[in-house]
Amino acid sequence: MNPRVLVLNGPNLNRLGKREPSVYGRDTLADLEKGLKTLAAELLVEVDFFQSNHEGVLIDRIHLAADEGVDGFLINPGALTHTSVALRDAFLAVNKPFVEIHISNTSAREPFRQESFLSDISSGVLSGFGTFGYHLALRGLLETLRQKR
């Protein structure tokens, strides 16, 4: 069976391509999803996408995906990276591997963006590679899943 991955995008990522293009680039969320779908097809991975500006909705989707048998997650939690213990607890509750992604290099930005409530429980973190980071994250997650088998 092909691995199943859910790609989650948090607050304001629906504004990609419009929001601070000098920081986040010109690719839209639809562009990002299209490129990742192409890679997923090549890698024989089932991939679904979900974006919400609401913390609780993201948590509900994580729980549902785990109940539906998803193998792992990619997540760009946006600002929730630095604020959400609840999102952290959701990942701990479902006990599935995930990769944390950031389009910009959060280590080179404001001090408050340099702390993550997710990094220490993630399988890995990709930061600063633009939307291509999602491609790298998918490959990394697949390697994590392969090693667990």
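Scoring rules and cut-offs
- Residues numbered from 1 in each chain as written.
- Predicted model: local features only at pLDDT ≥ 70, side-chain atom pairs only at ≥ 80, totals over all residues.
- Heavy atoms only, no water.
- Helix = DSSP H or I, 4+ residues; strand = E, 2+ residues; numbered from the N terminus.
- Rg over C-alpha atoms; globule rule 2.2 N^0.38 Å.
- Buried < 20%, exposed > 50% of the residue type's maximum accessible area, 1.4 Å probe, protein only.
- Phe/Tyr/Trp six-rings, centres within 6.5 Å; stacked < 30°, edge-to-face > 60°.
- UniProt positions renumbered as here; feature names shortened; annotations may be inferred.
- 1 Å grid on protein atoms, 1.4 Å probe; cavity = no way out; pocket = protein on both sides within 12 Å on 5 of 7 lines; lining within 4 Å.
- Contact = heavy atoms within 4.5 Å.
- Polar contact = N/O pair within 3.5 Å; in protein donor to acceptor, adjacent residues only side chain to side chain.
- Pairing = 2+ DSSP bridges.
- Axes fitted to C-alpha atoms, helices over the stretch in contact; angles between N-to-C directions.

Draft legend 1. Inspection of the overall build of the protein chain at higher detail. A tally of helices and strands in the protein chain yields five helices and five strands. Traced from its N-terminal end to its C-terminal end, the protein chain shows the element sequence β-α-α-β-α-β-α-β-β-α. Against the compact-globule benchmark of 15 Å for 149 residues, the protein chain has a radius of gyration of 14 Å, which places it among compact chains. Its C-alpha atoms give the protein chain principal-axis dimensions of roughly 40 × 30 × 25 Å. Each of the 149 residues in the protein chain was classed as buried or not, and the buried ones make up 45%.

Draft legend 2. Region of the structure containing the packing of aromatic side chains. Taken as a whole and assessed by the stated rule, the structure comprises two aromatic pairs. Ring centres of Phe 73 and Phe 91 lie 5.4 Å apart, and the angle between their planes is 80°; this geometry places the pair in the edge-to-face category. Here Phe 91 lies in helix H4 (residues 85–94) and Phe 73 lies in strand S3 (residues 72–76), a separation of 18 residues in the sequence. An identical accessibility class is assigned to Phe 73 and Phe 91; each is buried. Overall, Phe 91 belongs to the buried group, its relative accessible area being 2%. In textbook terms, an aromatic cluster arises when at least three aromatic residues are bridged by ring pairs, as seen for Phe 73, Phe 91 and Phe 98.

Draft legend 3. Representation of the UniProt feature "binding site: substrate" (unreviewed entry) in the protein chain in the model. With numbering aligned to this structure, UniProt lists the feature "binding site: substrate" (unreviewed entry) at Asn 76, His 82, Asp 89, Ile 103, Ser 104 and Arg 113. Spanning 38 residues, the named residues are also spread out in space, since their farthest C-alpha pair is 24.6 Å apart. Considering only the annotated residues already named, the ones lining the largest pocket are Asn 76, His 82, Ile 103, Ser 104 and Arg 113. Looking at the element boundaries, Asn 76 is found in strand S3. Excluding residues within four positions of it along the chain, Asn 76 makes contact with Leu 8, Asn 9, Gly 10, Leu 13, Ile 101, His 102, Ile 103 and Tyr 134. Here Gly 78 takes part through its backbone nitrogen, which lies 3.1 Å from a polar atom of the side chain of Asn 76. Looking at the secondary structure, you find Ile 103 in the loop between strand S4 (98–102) and strand S5 (124–127). The exposure class of Ile 103 is buried, given its relative accessible area of 5%. Setting aside its immediate chain neighbours within four residues, Ile 103 contacts Leu 13, Leu 16, Tyr 24, Asn 76, Gly 128, Phe 129, Gly 130, Thr 131 and Tyr 134.

Draft legend 4. Spatial organisation of the sheet that holds strand S1 (residues 4–9). A sheet is described by the order of its strands in space; here five strands give the open sequence S2-S1-S3-S4-S5, paired in parallel fashion. Each of the sheet's edge strands pairs with one partner strand only, and the pair in question is strand S2 (46–51) and S5. This sheet shows a mean twist of 20° between the axes of neighbouring strands, independent of strand direction. Relative to S2, S1 runs parallel, the two being bridged by six bridges. Counted as the bridge partner of Val 7 is Phe 49 from S2. Across the sheet, H4 lies against S1, S3 and S4, angled at about 170° from S3, the strand it touches most.

Draft legend 5. Structural context of the pairing of S1. The buried count for S1 comes to five of six residues, which makes it a mostly enclosed element. As judged from the five bridges shared by S1 and S3, these two strands associate in the parallel manner. Note on S3: the bridge partner recorded for Leu 6 is Phe 73.

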